[in-house]
Amino acid sequence: MKKVKVHITLKEGVLDPQGKAIQQSLHALGYEEVEEARVGKMIELQVEEGPHIEARIKEMCDKLLANPVIENYQVTLEEAVQS
Amino acid sequence: MKFAVIAFPGSNCDRDMYRAVANVLGADADLLWYETANLDNYDAILLPGGFSYGDYLRTGAIAATSNVMQQVKKHAAKGKPVLGVCNGFQILTESELLPGALLRNKNLSFMCHQEVLTVKNNQTMFTTAYNEGETIQLPIAHGEGNYYCDEATLQELIEHKQIVFTYQNNPNGSIENIAGIVNREGNVLGMMPHPERAVEQLLGSADGLRLFQSLIHNWRETYVANA
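Residues numbered from 1 in each chain as written. Chains lettered and ligands numbered in written order. Predicted model: local features only at pLDDT ≥ 70, side-chain atom pairs only at ≥ 80, totals over all residues. Heavy atoms only, no water.

Undergrad: Tell me about the sheet that holds strand β2 (residues 41-47) of chain A, and name the residues and values.
TA: The pairing of strands in a sheet happens through backbone hydrogen bonds and is either parallel or antiparallel. All names here are of chain A. If you trace the three strands from one edge of the open sheet to the other, you get β2-β1-β3, paired in antiparallel fashion. If you trace the sheet from one side to the other, it starts and ends with β2 and β3 (71-79), each paired once. Shown here is a sheet whose adjacent strand axes are inclined to one another by a mean of 20°, direction ignored. Pairing geometry for strand β1 (residues 2-10) and β3, over nine bridges, is antiparallel. Each bridged residue has a counterpart across the sheet, and for histidine 7 the counterpart in β3 is glutamine 74. (Pairing = 2+ DSSP bridges. Helix = DSSP H or I, 4+ residues; strand = E, 2+ residues; numbered from the N terminus. Axes fitted to C-alpha atoms, helices over the stretch in contact; angles between N-to-C directions.)

Written out as structure tokens, the structure reads:
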């Protein structure tokens, strides 16, 4: 079993009003040094191992998990710790 | 001409849409549940607004993976009309039936009010009853209506006259003030404002009515006149 983490971020140039609001709140708290905040998301999957695991995860990202029009993604795979 | 209105879990404008075509226009229409819908015998597909699947992951993303959207793709490929309003528009971009994506409104707020739109293209099957450049009033009701596409796609939209409606006072930050676009073939229209909520003066505007009237008129011209 693999633990798959998919980090999804907005593409450069895509406006992120949520990030902007976070940046302004950080400034309000006195963290003036924050020049930009951008919000993404992280999706964790537990995936059975197979010969095409990486290709299939890429497919999952392109078809559903991320929207290539507005988002980039990065995938990391690690051994899942069996509980 | 027979209309299908498709309801997903979380749709909330399905009955307004059904009522606009069935009651106000007196057209033949059915309200279909997405799981059991068979679109074979329908001429036009209407994807209503709402919050399908609670807007999980991205607006429209989960609905786009449903079987009924595979049917909608086949229907669209035959050149038959598909209209997506609000969440319906979001589902159409997520299904790649229309280019681009809908982002959070620039001011992060859900907005619900009347907007003034300009009819940019009155040569589509959805808009022939309007004049080019005419201003109309339709309500908006969305939190994620900020249309975005890359520069190359935008140039294509402009070049092929795919921008159908624009906002006069852009409420959500959408690129080029876009409120609604059609696909290159002109048979799939997606728009954030709600024509189905503006079909009687009592509702504050009847400007949405002509969109459905255009569709019925042009369908008759194409299919009935030649039959």
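Picking up where we left off.
Undergrad: Just give me the short version of the sheet that holds strand β4 (residues 82-85) of chain B, but keep the residues and values in it.
TA: All names here are of chain B. Spatial strand order, β2-β1-β3-β4-β11-β10-β9-β6-β7: nine strands in an open sheet with mixed pairing. Looking along the sheet, the strands with just one partner apiece sit at the ends: β2 (28-33) and β7 (135-142). Here the average twist between neighbouring strands, direction ignored, is 20°. Examined bridge by bridge, strand β6 (residues 111-119) and β7 share eight bridges and lie antiparallel to one another. Paired with methionine 111 across the strands is histidine 142, a residue of β7.

Undergrad: An account of the UniProt feature "active site" (unreviewed entry) in chain B is requested, with residue identities and associated values reported.
TA: Residue and element names in this part refer to chain B. In this structure's numbering, the residues bearing the UniProt feature "active site" (unreviewed entry) are Cys86, His194 and Glu196. In terms of the greatest pairwise C-alpha distance, the residues named above, spread along 111 residues, form a tight cluster of at most 10.9 Å across. Considering the arrangement of structural elements, one finds cysteine 86 in the loop between β4 and α3 (87-94). The contacts of cysteine 86, once residues within four sequence positions are left out, are Gly49, Ala141, His142, Met191, Met192 and His194. Among the structural elements, histidine 194 can be located in the loop between β11 (188-191) and α5 (209-224). Discounting residues that sit within four places of it in the chain, histidine 194 has contacts with Cys13, Gly49, Val85, Cys86, Leu138, Pro139, Ile140 and Ala141. (UniProt positions renumbered as here; feature names shortened; annotations may be inferred. Contact = heavy atoms within 4.5 Å.)

Undergrad: Describe in detail the pattern of salt bridges, supporting the description with residues and values.
TA: Here the structure, examined in full by the defined rule, presents eleven salt bridges over all chains. Salt-bridge contacts for glutamate 79 of chain A lead to lysine 2 of chain A; the nearest nitrogen and oxygen are separated by 2.7 Å. Highlighted residues: glutamate 79 of chain A in strand β3 and lysine 2 of chain A in strand β1, separated in sequence by 77 residues. Since its relative accessible area comes to 17%, lysine 2 of chain A is described here as buried. Because the salt bridges share partners, they merge into one network encompassing Glu71 of chain A together with Arg58 and Glu94 of chain B. (Salt bridge = Lys/Arg side-chain N within 4 Å of Asp/Glu carboxyl O. Buried < 20%, exposed > 50% of the residue type's maximum accessible area, 1.4 Å probe, protein only.)

Undergrad: Just give me the short version of the state of the cysteines, but keep the residues and values in it.
TA: Residues and elements named next belong to chain B. Going through the model one piece at a time under the given rule, you end up with zero disulfides over all chains. Of all cysteine sulfurs, the one in cysteine 13 lies closest to cysteine 112, which takes part in no disulfide; the gap is 9.4 Å. No disulfide involves cysteine 149; its sulfur sits 19 Å from the nearest other cysteine sulfur, which is in cysteine 86. On the basis of relative accessibility, which here comes to 2%, the residue cysteine 149 falls in the buried class. (Disulfide = S-S within 2.5 Å.)

Undergrad: Quick one: what's the story with the interface of chain B and chain A, residue by residue and with numbers?
TA: In this complex, chain B contributes 14 residues to the contact, which on the side of chain A involves 15 residues. It is Leu57, Arg58 and Tyr148 of chain B in chain B that bury the most area against chain A; as a group they hold 41% of the surface buried on that side. Where chain B touches chain A, the interface holds one salt bridge. Across the pair arginine 58 of chain B and glutamate 71 of chain A runs a salt bridge, and its minimum N-O distance is 3.7 Å. Across the chain B-chain A interface, the total number found is four residue pairs in polar contact (both at pLDDT 80 or more). Contributing elements (two or more residues each) for the side of chain B that touches chain A: β5 (101-103) and β8 (146-148) of chain B. In terms of residue class, the side of chain B that touches chain A is built from six nonpolar, four polar and four charged. (Buried area = accessible area lost by both parts, 1.4 Å probe. Polar contact = N/O pair within 3.5 Å; in protein donor to acceptor, adjacent residues only side chain to side chain. Nonpolar A, V, L, I, M, F, W, Y, C, P; charged D, E, K, R; others polar.)

Undergrad: Residues and numbers for the nonpolar core, please.
TA: Of all hydrophobic cores here, the largest spans 66 residues; its most connected members are Leu83 and Phe165 of chain B. With five residues, the single largest contributor to this core is α5 of chain B. In contact with leucine 83 of chain B, other than residues within four places in its own chain, are Met17, Ile45, Leu46, Leu47, Leu92, Phe126, Leu189, Met191, Leu211 and Phe212 of chain B. Counting residues in hydrophobic clusters, the runner-up holds eleven residues, among them Val6, Ile43, Leu45 and Cys61 of chain A. (Core = buried A, V, L, I, M, F, W, Y, C linked by side-chain atoms within 4.5 Å.)

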